[in-house]
Amino acid sequence: MPARAFARPLLALLLLCLAGAAAAAGEARTVTDMAGRTVALPPAGQIRRIATPDGTPGVNAFVFLFGKGGALVNGLPNFIRSQPARWRLQTLAPPQLAELPAVSEPPGWAANLETLLSLRPDIVFAVEAGNIRALESKGFRTVAVTWRNAESIRGSVELMGKVFDQPARARDYGAYLDAVLAYIDKRLRASPAKPRPKAVYLRLESLTSPMRPTAGWLIEHAGGMPVPEKTAGIDTLQLSPEQLLADNPDVIVVWSREEAEKAYRDPRLRRLAAVKQRRVFPIPRGFMPWTHYTPELAPSLLWMARTLYPDRFADLDLVRETIRFYERFYGVTLSADEARELLDGAP
C-alpha cells in the first residue's frame, strides 16, 4: 500500500479522536434564563459548585431533580434547620446540606455576599430581580429562575436541563406531568361533576390564601374550583370570615397537621361546609409543600384529585405513586410509612 494512501485513514482517525476529546472537554456555551438574560456558562461537566441563596429549598428541589445535590455549597436556612423532621427530604438528598453554611433567610433571601464569595460557586441560581442584580454585580455567574405561575415549574425544569446538559431528564419530567394531567382529565370527563367542588389553600393564623398561582392551578387542574374566584395575578390574598362563608369551600387545604386540627376548633370557620364535613387537609410536604414552586406539583395533582373526588379516585394508590415518583426523579427510596407521613403533611 502506498504511504500516502495509508496516511489518509490515519489522519482521519486522529482528527476524529481530537474531536472526541474536545467534545469530552466541552466548550463554553450560553443559555437564556427565565428573565430573558443571556448567561455564559462553562461546560456542564465543569459545574461542580452550585449555590442556591434565593428561595433555597424550592430551588434545591429542581437541582435535586438533575442529581446535582452533591454539588451544592450552601446549606439550609435557619427556619428549616429548626424543624428537621418536617423538612427531612431536604437533607436526605444530599445529607451534607445539614452541615453547610446558610447564606440567606426568608422573606427577602438577600445573600450574605461575603459568605457566598468564600464558597466559590461556579453557578448561582436566583429568583427575585433585586437578588439577581446584587449577585451579578459581585461577579457571580447568576441564572434567573423566575416563578410567576404553575407553568414556571415546567420552565424551570427545562432551563436546568439546558444548564446541566440533561435535556432527556427534563423531557422525562415533562412527559410525566403531561401523563398525570391526561389521566385526571380522562377520569373526570367520564362523569363531569356539577358543580365542581370548591377548594381553598388557607393559612389559618393570618387567614390568608397564599401561593394563589400554583395552588389555584392545582385545584383547577384536579377538577375543582379555586375560591375566591377572579383573583388572577394575586400571590397572597387576605380573606375574611365573611368572604370564606360566602364562598363556603367544600375542601380546605392548610399548611400543617396542627393547622388542620385547629381549623375544626376555630370559631371563624365553624359554619363552613369543609369544617362540618371534616374535609380539612394538610398539604403533603416533601422537599417543599406540594402547593409551592417545586417539581412535586406533578404528584400533588394526583393527591388533590383524590382529595376532591375520593370516590372517583378510590383506586388510586397514592402511597405507591409517591414512592415511584421520588425513586424515578430523585433516586430517593421511601418506605410505605414514610410516603404516608409525607402525604399527611410530614411531622
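Residues numbered from 1 in each chain as written. Predicted model: local features only at pLDDT ≥ 70, side-chain atom pairs only at ≥ 80, totals over all residues. Heavy atoms only, no water.

A. Seen up close, the overall build of the chain. Within the chain, the regular secondary structure consists of 15 helices and 11 strands. The principal-axis extent of the C-alpha atoms belonging to the chain is close to 95 × 50 × 40 Å. Residue burial in the chain is summarised as follows: out of 347 residues, 51% are buried. Within the chain, contacts between residues separated by at least 24 positions form 66% of all contacts whose residues are at least 6 apart in sequence. Surface exposure of the chain reaches about 16,400 Å², of which carbon and sulfur atoms provide 54%. (Helix = DSSP H or I, 4+ residues; strand = E, 2+ residues; numbered from the N terminus. Buried < 20%, exposed > 50% of the residue type's maximum accessible area, 1.4 Å probe, protein only. Contact = heavy atoms within 4.5 Å. Areas by Shrake-Rupley, 256 points an atom, 1.4 Å probe, with all protein chains shown as cover.)

B. Geometry of the nonpolar core. Counting residues in each nonpolar core, the largest one holds 79 residues, and the members touching the most others are Ile 50, Phe 125, Met 160, Val 163, Tyr 173, Tyr 326 and Tyr 330. Setting aside chain neighbours within four positions, we find Phe 125 in contact with Ile 50, Ala 51, Thr 52, Pro 53, Asp 54, Val 59, Val 63, Val 143, Val 145, Met 160, Val 163 and Phe 164. Counting residues in each nonpolar core, the second largest holds 18 residues, with Leu 207, Met 225, Ile 252 and Val 275 among its members. (Core = buried A, V, L, I, M, F, W, Y, C linked by side-chain atoms within 4.5 Å.)

C. Structural context of the pattern of salt bridges. With the rule as written, the count across this model stands at 15 salt bridges. The residue Arg 320 makes a salt bridge to Glu 321 at a minimum N-O spacing of 4.0 Å. With its nearest N and O atoms 3.7 Å apart, the salt bridge here joins Arg 324 to Glu 321. With Arg 324 and Glu 321 both in helix α14 (residues 318-330) and three residues apart, this pair spans about one turn of that helix. A relative accessible area of 47% places Arg 324 in the partly exposed class. Three or more residues are tied together by salt bridges with common partners; here these are Asp 33, Arg 37 and Glu 136. (Salt bridge = Lys/Arg side-chain N within 4 Å of Asp/Glu carboxyl O.)

D. Main features of the sheet that holds strand β3 (residues 50-51). In spatial order, the strands read β3-β4-β5; together these three strands make up an open sheet with parallel pairing. Here the strands that pair on one side only, and so sit at the sheet edges, are β3 and β5 (142-144). Note: β3 against strand β4 (residues 123-126), two bridges, orientation parallel. Across the sheet, the residue bridging to Ile 50 is Ile 123, located in β4. (Pairing = 2+ DSSP bridges.)

E. The packing of helix α8 (residues 167-189) against helix α13 (residues 297-308), seen in detail. Remark: α8 packs on α13, axes separated minimally by 9 Å, with the N-to-C direction vectors making an angle of 15°. Viewed along their axes, α8 and α13 adopt a mutual orientation that is roughly parallel. For the element pair α8 and α13, the recorded crossing hand is left-handed. Where α8 approaches α13, its residues Tyr 173, Tyr 176, Leu 177, Val 180, Leu 181, Tyr 183 and Ile 184 are matched on the opposing element by Ala 298, Pro 299, Leu 301, Leu 302 and Ala 305. Taken together, the residues of the contact of α8 with α13 break down into 12 nonpolar, no polar and no charged. (Axes fitted to C-alpha atoms, helices over the stretch in contact; angles between N-to-C directions. Parallel < 35°, antiparallel > 145°, perpendicular 65-115°, else oblique. Left-handed = near helix turned anticlockwise from the far one by under 90°. Nonpolar A, V, L, I, M, F, W, Y, C, P; charged D, E, K, R; others polar.)

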